[in-house]
Amino acid sequence: MQHRTSPALWRYALQQEGCWLAIVAGILFIRFPIKFALEPPFLMDFELFRGVALRLLNHQAVQLYLPVETDAALFKYAPLWAWLFQPLALVSQQTGLVLWSSLTVLWIALTCWVATRLCHTHGLRVPPAASALAVVLLSRILIAEFLNGQTDCLWGFLTVAAIAAWNTKRLWWAA
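Before going into details, it helps to say that this report is about the structure given with it. (Residues numbered from 1 in each chain as written. Predicted model: local features only at pLDDT ≥ 70, side-chain atom pairs only at ≥ 80, totals over all residues. Heavy atoms only, no water.)

**A word on the overall build of the protein chain**
Each helix and strand in the protein chain was counted, giving nine helices and two strands. Secondary structure elements of the protein chain, listed N to C terminal, follow the sequence α-α-α-β-β-α-α-α-α-α-α. Long-range contacts, defined as pairs at least 24 residues apart, comprise 73% of the intrachain contacts of the protein chain with a sequence gap of at least 6. Summed over its atoms, the accessible surface of the protein chain is roughly 11300 Å², and 67% of this surface lies on carbon and sulfur atoms. (Helix = DSSP H or I, 4+ residues; strand = E, 2+ residues; numbered from the N terminus. Contact = heavy atoms within 4.5 Å. Areas by Shrake-Rupley, 256 points an atom, 1.4 Å probe, with all protein chains shown as cover.)

Structural data, given as structure tokens:
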């Protein structure tokens, strides 16, 4: 006996925000971390973050203020960043970029979810597909984010999460 999914079940699933976020995260995960695992790209910012982390791991903390260079750019990062990036130096470069891009997918999905929860706390009704639509509308910016290995999606998540915590009077989490 063949099992068929009813159209009502599909309609119900597409009316749930979690379903839309799973679709978006799945597409982004296939497009970036999985593709990066198969064909490692040059992610300029990721390489710079990893360079700073390698300095710390190799006991060269006194050189943290020296610029990190690649063929394309020269950057300086504060020592605090080196501590945050240190796990990237513990794994191979390819593993690091797959992990980094996977985390970026997670940060995008979490940002969309927290933003929707924030709207609900203020009584705003958000269509279930709003997060997916926002990601599609911002796709050009997000693609640049992934192809450079930047941290903007992390900062976006932290900003939205801090605002949500502030609104729910969780001041410690907001800080």
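**Describing the packing of aromatic side chains**
Summed over the entire model, instances satisfying the criterion amount to seven aromatic pairs. With 5.4 Å between their ring centres and 55° between their planes, phenylalanine 49 and tryptophan 100 make a pair best called tilted. Linking phenylalanine 49 in helix α3 (residues 44-57) with tryptophan 100 in helix α5 (residues 93-121), this pair joins segments that are 51 residues apart in sequence. Each member of the pair, phenylalanine 49 together with tryptophan 100, is buried. The interplanar angle of 85° and the centroid separation of 5.7 Å between the aromatic rings of tryptophan 100 and tryptophan 107 together place this pair among those described as edge-to-face. Look at tryptophan 107 and you get buried, because its relative accessible area is 10%. (Phe/Tyr/Trp six-rings, centres within 6.5 Å; stacked < 30°, edge-to-face > 60°. Buried < 20%, exposed > 50% of the residue type's maximum accessible area, 1.4 Å probe, protein only.)

**Focus: helix α6 (residues 130-137)**
The periodicity of an α-helix, 3.6 residues per turn, causes residues three or four positions apart to be oriented the same way. Residues Ser131, Ala132 and Val135 constitute the buried set of α6. Along α6, the residues classed as buried sweep out an arc of 100° about the axis, all on the same side. Along α6, exposed side chains directed more than 90 degrees from the buried face belong to Leu133, Val136 and Leu137. Next to the buried residues of α6 lie α2 (17-38), α5 and α7 (139-148). (Arc of directions from axis to C-beta.)

**A few points about the nonpolar core**
Grouped together as the largest cluster of nonpolar side chains are 29 residues, with contacts concentrated most on Leu28, Trp100, Ile108 and Val135. Elements represented by at least two residues in this core include exactly α2, α3, α4 (79-89), α5, α6, α7 and α8 (152-167). In terms of residue count, α5 provides more of this core than any other element does, eight residues in total. The residues contacting tryptophan 100, other than those within four sequence positions of it, are Phe46, Phe49, Phe85, Leu88, Trp107, Gly149, Gln150 and Thr151. (Core = buried A, V, L, I, M, F, W, Y, C linked by side-chain atoms within 4.5 Å.)

**Some points on the pattern of salt bridges**
On inspection of all chains with the given rule, the structure shows one salt bridge. Ionic pairing is found between glutamate 17 and arginine 117, a salt bridge with its closest N-O pair at 3.0 Å. One end of the pair, glutamate 17, is in helix α2; the other, arginine 117, is in helix α5, and 100 residues separate them in sequence. (Salt bridge = Lys/Arg side-chain N within 4 Å of Asp/Glu carboxyl O.)

**Brief notes about the packing of α2 against α6**
With their axes 8 Å apart at the nearest point, α2 and α6 run at an angle of 30° to one another. As summarised for this structure, α2 and α6 are arranged roughly parallel, according to the angle between their axes. Of the residues in α6, those touching α2 at Glu17, Trp20, Leu21, Val24 and Leu28 are Ser131, Ala132 and Val135. Split into classes, the residues belonging to the contact of α2 with α6 amount to six nonpolar, one polar and one charged. (Axes fitted to C-alpha atoms, helices over the stretch in contact; angles between N-to-C directions. Parallel < 35°, antiparallel > 145°, perpendicular 65-115°, else oblique. Nonpolar A, V, L, I, M, F, W, Y, C, P; charged D, E, K, R; others polar.)

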